[in-house]
Amino acid sequence: MIKGIRLKIGALAAVGIAAASGVAQAGGEMVDVELTKLDGTKMTRTYEKPRYGGTITMNREILLVTFSNWDPRGGGGPHELANLQPVNQRLTQLDWARGASGTGDYPNFVAATPPLYIAPMLAESWEMPNDTTLRFKMREGVHFWEKDQVAEPNPGLEADYGRELTAHDAAWSKSTLDFMNTGDQGNVTWTAIDDHTLELTWPTPDATMVAWNFSQYQFIYNSGMANISEDSWGDWKNALGTGAYIPTDFIPGSVVTYKRNDNYWENDPIHTENRLPYADTLRVIDFDDEASIVAALRAGQIDLTNGLGTSGKFGLQLKKTNPEIGQFPAAATPSVFVPRVDLADNPFSDIKVRQALMMAIPREEILENVYGGFGSVYSFPTFPNFTDWFVKYEDLPTEPMVEGSCASAKDVVTYNPDKARECLAAAGYPDGFDFPLVAPPGEAEFAEMYAGVWQEIGARADLQVVEGAVWQSIKDRDDHLGMVTWTPGTWQDPFVNLNLFLYSKGGINSARVNDPVYDAMVPVLKNEMDNEKRKAAYAKVFSYALEDSSYLHGVSFDKLTFWHPWVKGYSGEISNVGIQGWHSLAKNIWIDTDMQPGS
């Protein structure tokens, strides 16, 4: 029995993953659609014929970030711009026709957007003419919204209403707002060669650059915003995009409402004769906690939810109370804990302390009893789905390789509370120690679980649940001596944790790691074009990072999506554009208003 775990759930197989929502209810007109799989073979799938109209109501994308940000500069990145996901678009997207609602070649695509999965969006094609250049051909005929479509026109944007989007808008957006260059400024250059040619260049051959930029975090904005006051960039009425939905009302902390863009340019990739979007209205509701989201879902107040942090628990609850609600595993999420490893008076600066807390975690028990088997016992610094880069448990080193270590890479992910106590004693804490553990509301439950686990070896966490903004400030503060929970979105490529968290110049190095081993590996991964050499080098760093445990981590867990049976053309996808794209998928789904309550 794990102390600190209040809820235990059975195998997720008992949840019963719902069938794709393309299966019609009685009375729907059925159509057969021929689809092409990734291997070129054809398949036929039967769908209910989509219908237009109605309202889609969703919860906001993520609980840890602000609901009020409309400034395209974004702050922490595109997840801070959830309100703009239906408004602005990216160069590329994921191929909806090859996801769970289509051929099923990849059941969900929360992860990276490798070229095989990529489909055109604002860029209709692209090529890589050499090792340092990526060239996009921008789609012609895509226009910003007309003046009479927006809630309140801004005189400073007069010349931009209704005009065609060009490569100059894309270059301006990427150059002005490119948070992906954080920690490595000046490495990437975006240039508009002409109105419809956008070029991305970098100084030296970079083996990770294509995947890095194909992740497509960044939206393309109207470059005319440079002509209005920067103070007004965050006013929702000044949002001017090319997206499928146009904001009509915004109540901070409550709800944002959008209307259908009747001039939208894109057709359904499955029902190719249909112009998107289907629903007349999109509503995004702000919630502060997952229990409220699930309660609203159960009551029919929202139509679908994105991946919830404790969705294994909610999945079983809903299977019992609302078996008609669809469920699908949508996103693997790491349970990361951020200490400060650079402060002499902080216990976590000692590798033996970090390793002790790692070895105190009963990973297999948590995976099965808490997450129903849907997750991974370890996933840092790379997720197991990147099979070429992930080092399996049986292949991990059994001898220490890091200075000051008391355990090997295999040891730190093996449950061994006795050895954990020995390491604490060796670090000078034979009686354990006390420390603050800070979590936002959305991560409070798993933080409580791990606090209970660590209590068993004498590491006594004072759990402090704070609002998201406070949590963020503590995580990035220069002097915090405890640990901060974190569930970062680290699915986009196998090297993101190294590039962002472990690299001394990484943009999200909240633990303040400064280790020459990691710094030496970054140029190898970036500049070594021989993939086999890169894999061999990275295998050593993977094991080193596990043993080092600068970012402690528990069991990664699969989040679930949930949706009502009146949500059609949907099979549980969490995004249609890659990381941070929950609201973007509203354009692809439709509502059966005959089934939806209150329609």
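This text follows the structure it describes.
Quantities reported herein were computed from a predicted structural model and do not represent experimental measurements.

(A) Summary view of the overall build of the protein. Along its length, the protein carries 13 helices and 23 strands. Counting all 599 residues of the protein, 59% fall into the buried class. Sequence separation of at least 24 residues holds for 73% of the intrachain contacts in the protein that already meet a minimum separation of 6.

(B) Expanded view of the state of the cysteines. Under the counting rule described, the total for this entry stands at one disulfide. Residue pairing for C406: its cysteine sulfur links by disulfide to C423, the two sulfurs lying 2.0 Å apart. In this structure the cystine formed by C406 and C423 twists about its S-S bond by roughly 120°; its chirality is therefore right-handed. In this pair, C406 is assigned in the loop between strand 16 (375-376) and helix 7 (409-412) and C423 in helix 8 (residues 417-426), connecting sequence segments 17 residues apart. In this structure C406 comes out as buried when scored by relative accessible area, which is 18%. Owing to a relative accessible area of 3%, C423 belongs among the buried residues under this scheme.

(C) Focus on the sheet that holds strand 19 (residues 483-486). An order of 18-17-19-15-20 is seen for the five strands of this open sheet, with the pairing classed as mixed. Across the chains shown, the open sheet's two edge strands, defined by having one partner strand only, are strand 18 (459-465) and strand 20 (552-553). Strand direction decides the pairing type here: strand 15 (residues 336-338) and strand 19, joined by three bridges, are antiparallel. In the strand pairing of strand 19, V338 is matched with V484. Where helix 9 (residues 444-455) meets the sheet, its contacts fall on strand 15, strand 17 (433-439), strand 18 and strand 19, and the angle it forms with strand 18 comes to roughly 165°. Here helix 10 (residues 468-475) sits on the sheet and contacts strand 15, strand 17 and strand 19; the angle it forms with strand 19, its principal contact strand, is near 125°.

Scoring rules and cut-offs
Residues numbered from 1 in each chain as written. Predicted model: local features only at pLDDT ≥ 70, side-chain atom pairs only at ≥ 80, totals over all residues. Heavy atoms only, no water. Helix = DSSP H or I, 4+ residues; strand = E, 2+ residues; numbered from the N terminus. Buried < 20%, exposed > 50% of the residue type's maximum accessible area, 1.4 Å probe, protein only. Contact = heavy atoms within 4.5 Å. Disulfide = S-S within 2.5 Å. Pairing = 2+ DSSP bridges. Axes fitted to C-alpha atoms, helices over the stretch in contact; angles between N-to-C directions.

In short, geometric facts, not functional conclusions.
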